[in-house]
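Summary of structural features
Read off the chains here:
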Amino acid sequence: YVIGITGTKGKSSTTEFVNAVLEKAKKKTAVLSTIRFKIGNNTRANKFKMTMPGRFFVQKFLHDAVKNNCDYAVIEMTSEGARFFRHIGIEMDALLFTNLSPEHIESHGSFEKYKSAKLRLVKHLAKSKKPSRISVANTDNKHGFSFLIQDIEKNVGYSLKDVVILSENNSSSIIEYKNTQITVPLPGRFNILNALSSIKLGEHLGLSLATIKEGVESLTLI
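About the criteria used
- Residues numbered from 1 in each chain as written.
- Predicted model: local features only at pLDDT ≥ 70, side-chain atom pairs only at ≥ 80, totals over all residues.
- Heavy atoms only, no water.
- Core = buried A, V, L, I, M, F, W, Y, C linked by side-chain atoms within 4.5 Å.
- Buried < 20%, exposed > 50% of the residue type's maximum accessible area, 1.4 Å probe, protein only.
- Helix = DSSP H or I, 4+ residues; strand = E, 2+ residues; numbered from the N terminus.
- Contact = heavy atoms within 4.5 Å.
- Phe/Tyr/Trp six-rings, centres within 6.5 Å; stacked < 30°, edge-to-face > 60°.

1. Some points on the nonpolar core
Ranked by size, the top nonpolar core spans 34 residues in total, and within it Ile-3, Val-18, Ile-199, Leu-201 and Val-216 carry the most contacts. Looking at this core, the element that brings in the most residues is helix 6 (residues 189-204), giving six residues. Beyond its immediate sequence surroundings of up to four residues, Val-216 is in contact with Phe-17, Val-21, Ile-182, Thr-183, Val-184, Pro-185, Ala-195, Ser-198 and Ile-199. Counting residues in each nonpolar core, the second largest holds 30 residues, with Ile-39, Phe-61, Leu-62 and Ala-82 among its members.

2. Section: the environment of Ala-82
Checked against the element boundaries, Ala-82 lands in helix 3 (residues 79-83). Taking the relative accessible area as the measure of exposure, Ala-82 reaches 0% and is therefore buried. Sequence separation between Ala-82 and Lys-38 is 44 residues, and the spatial gap between their C-alpha atoms is 22 Å. The residues contacting Ala-82, other than those within four sequence positions of it, are His-87, Ala-117, Arg-120 and Leu-121.

3. Let's talk about unusual backbone geometry
Excluding glycine, a negative phi dihedral is what most residues carry, and trans is how most peptide bonds are arranged. The backbone of Lys-26 shows a phi angle near 65°, a positive value even though the residue is not glycine. Within the secondary structure, Lys-26 sits in the loop between helix 1 (11-24) and strand 2 (29-32). The class of Lys-26 is exposed, set by a relative accessible area of 76%. Of note in the backbone geometry, Asn-179 takes a positive phi value of approximately 65° without being a glycine.

4. Here we look at the packing of aromatic side chains
One pass over the full model with this rule turns up six aromatic pairs. Relative to Tyr-72, the ring of Tyr-1 lies with its centre 5.2 Å away and its plane at 50°, an arrangement referred to as tilted. Taken as a pair, Tyr-1 in the segment before strand 1 (2-6) and Tyr-72 in strand 5 (residues 72-76) lie far apart in primary sequence, 71 residues in all. The buried category is assigned to Tyr-72, whose relative accessible area is 12%. Both rings, one in Phe-48 and one in Phe-57, keep their centres 5.1 Å apart while their planes meet at 75°; by these two values the pair is edge-to-face. Owing to a relative accessible area of 22%, Phe-57 belongs among the partly exposed residues under this scheme. Linked through ring pairs, Phe-37, Phe-48 and Phe-57 together constitute an aromatic cluster.

See below:
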């Protein structure tokens, strides 16, 4: 099961939230991100100075994940990766969109081209042969609705309106979601949104809210 994660900010944090939730559900995971490459219990730093190395690297990574009996692969996906077609050949089951703001304009040429590169990823999900595909998007960001498209079976929006923020400090927040209190162990409302994306995805993967809560709360350091 392949999960792509994209957006201007929050990709790495969201990747780690999703991984933590899946691990608490006793799933064996593989992670490819700006921070690290992980297959099962083996992890190493990403020293490439790029989030998505070339297609051969990504395919070898997925091959090794399958060989090591991983249940899920969580892949951080960038506009640069999409621009250079590094996502081609990845059959995705789900895509999470965090947000979009003006960045990397110097390499893309304009914000419109930057957004277009990001949208290649959700269009790629729509072409995937996987069953019951899911697009999860932050609808507090005005571009989020562009990532919820008809050709995908499940379109899931998430917003701060979905939670009650009970407390916030400089290290964590406590939220209430569906009558359940969850501690988000990283500061800032943006991290509430990052955690919320993993909560929404976990629900649509059939995980219990108790397990999802445990996963979110277990993430102490990125």
